[in-house]
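Tertiary structure, described
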Amino acid sequence: MNIAVIGTGYVGLVSGTCFSEMGNKVTCVDIDATKIENLNKGIIPIYEPGLEPMVLKNVESGNLFFNTNLGEALTDAEMVFIAVGTPMGDDGSADLQYVLAVAKSIGETMQKRLVVVDKSTVPIGTADKVQATIQKELDKRGVSMEFEVVSNPEFLKEGAAIQDFMKPDRVVIGAESTFAIEKMKQLYAPFSMSHERFIVMDVRSAEMTKYAANAMLATKISFMNEIANICEKVGADANQVRIGIGSDSRIGYGFIYPGCGYGGSCFPKDVKALKKIASKYHYDAKLITSVEEVNDAQKLVIANKVIKRFGENLKGLTFGLWGLAFKPGTDDMREAPSLYVIKELVKKGAKIQAYDPKAIEEAKDFYLKGFENVSYVNSKYEALENADAMILLTEWKEFRSPDFDEIKKQLKTPVIFDGRNQYNIFNLAEKGFEYYQIGK
């Protein structure tokens, strides 16, 4: 099948590459000429395990192309995926300007029947706006051309996106026409041979499914963090409570690990957007609001523990920080807890020595660019040299079982603040550490 994918960000690049892996001819389009030039040179703009070799392989085999010209990409395309960003607006709603700009361009350039697929996370009713925008441009051209707009939300986890796409838990399709449904079935057949995993529904329900899924996962995280905070007050151990409730098959262990809050490109933005959608329809989403409020506070729990231990004035103190990315397996720092912790401690006068396997350049060039009193090092133990304490914020594999003798050797004082409860099984008090974690 010939496919065009508009947008070469996280969703677009992963989707286009995985479609090409199954033998489809895919052209990924972006208005960023530098990005397209780099992709044609084999330079991948994001870190995602397994993505780079798959891109290079399919470019070489002639299945994957990169272009800035939408008209050329649509010449032979049977389907076009809209996978551009929907950044959060000032009022918390998803900004549709890029989605609708792409829809306008499709209407201006399409030459034959197309299935237009919304892959971006978009508010309920966006497919109707895309449909109207394309039709308006066709009317301006004075041409009559069939097209269908489909909702096909993505459910990719950063750090495991290739695996998620190639072996999906489910493929959700929101469509009104039999033609579009059959096209989508053909496209996804190699990825999901089970009929139970190919779920067809109306368009608005598909749009809502994405928000509901992310809000549900965010709710589990905030719920467990709230329980952890209560545990700390009453003298219970949140880690043991997690095991106790997770053994219930109705609850399960997924997303109930106490920590320093969720971040990334999806949960914060989608929870806020869902709250805004509810408000638009005159519904007060109390639970969703609370999920967000708990998470906002949770990002500062570790910083508050540091301040409680060392005092309000942190001038002259240095902290070795492990982990900048919002989660392991990615270089994404959007809404990462590290940003909140670093800024709070630096505001109190502290210096930060930070290490992350993948996100240092992101921090330097974007999220903490020009930020004073933050330095970056090339290894985890180097980050601890002459530091007054260690702070863990991202649970990268290389951090899971460190040499605690080496940690103690590098630190001025053997103090660890564990924002992911990674080290609670190591009996660090017996090793001579002051150990602070979430929920105990």
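It should be noted that the structure appears before, not after, this text.
Residues numbered from 1 in each chain as written. Predicted model: local features only at pLDDT ≥ 70, side-chain atom pairs only at ≥ 80, totals over all residues. Heavy atoms only, no water.

On a plain count of helices and strands, the protein comes out with 16 helices and 14 strands. Against the 2.2 N^0.38 benchmark of 22 Å for 440 residues, the protein shows a C-alpha radius of gyration of 24 Å, consistent with a compact globule. Referenced to the eigenvectors of the C-alpha coordinate spread, the extents of the protein come out at roughly 75 × 45 × 40 Å. Taken across its 440 residues, the protein has 53% of its residues classed as buried. Look at the contacts in the protein between residues 6 or more apart in sequence, and 74% of them connect residues 24 or more apart. A total of about 19,900 Å² of accessible surface is found on the protein, and carbon and sulfur atoms cover 51% of it. The averaged location of the 59 negative side-chain charges in the protein is 3 Å from the averaged location of its 53 positive side-chain charges. (Helix = DSSP H or I, 4+ residues; strand = E, 2+ residues; numbered from the N terminus. Rg over C-alpha atoms; globule rule 2.2 N^0.38 Å. Buried < 20%, exposed > 50% of the residue type's maximum accessible area, 1.4 Å probe, protein only. Contact = heavy atoms within 4.5 Å. Areas by Shrake-Rupley, 256 points an atom, 1.4 Å probe, with all protein chains shown as cover. Lys, Arg positive; Asp, Glu negative; His and termini not counted. Charge placed at Lys NZ, Arg CZ, Asp CG, Glu CD.)

So, on to the pattern of salt bridges. Scanning the entire structure with this criterion turns up 25 salt bridges. The residue Arg250 makes a salt bridge to Asp248 at a minimum N-O spacing of 2.7 Å. On the basis of relative accessibility, which here comes to 22%, the residue Asp248 falls in the partly exposed class. The network of salt bridges with shared partners includes Arg113, Glu146 and Glu148. (Salt bridge = Lys/Arg side-chain N within 4 Å of Asp/Glu carboxyl O.)

A word on a nonpolar patch on the surface. On the surface, a cluster of nonpolar side chains totalling about 320 Å² of accessible area is made up of Ile243, Tyr253 and Tyr257. Residue placement: Ile243 occurs in helix 10 (residues 238–246). Residue classification places Ile243 among the partly exposed residues on the basis of a relative accessible area of 45%. (Patch = residues over 30% accessible without salt bridge, like charges linked within 9 Å, V, L, I, M, F, W, Y side chains within 5 Å.)

Our focus in this paragraph is the side chain of Thr330. Positionally, Thr330 belongs in the loop between strand 9 (318–322) and helix 14 (337–347). Side-chain polar atoms of Thr330 contact the side chain of Glu158, separated by 2.9 Å. At 3.1 Å, the side chain of Thr330 and the backbone nitrogen of Asp332 are in polar contact. Excluding its chain neighbours within four sequence positions, the residues that come into contact with Thr330 are Tyr47, Glu158, Ala325, Lys358 and Trp396. (Polar contact = N/O pair within 3.5 Å; in protein donor to acceptor, adjacent residues only side chain to side chain.)

Take Ala285: it is sitting in the loop between helix 11 (267–280) and helix 12 (286–298). C-alpha separation for the pair Ala285 and Gly92, spaced 193 residues apart in sequence, amounts to 14 Å.

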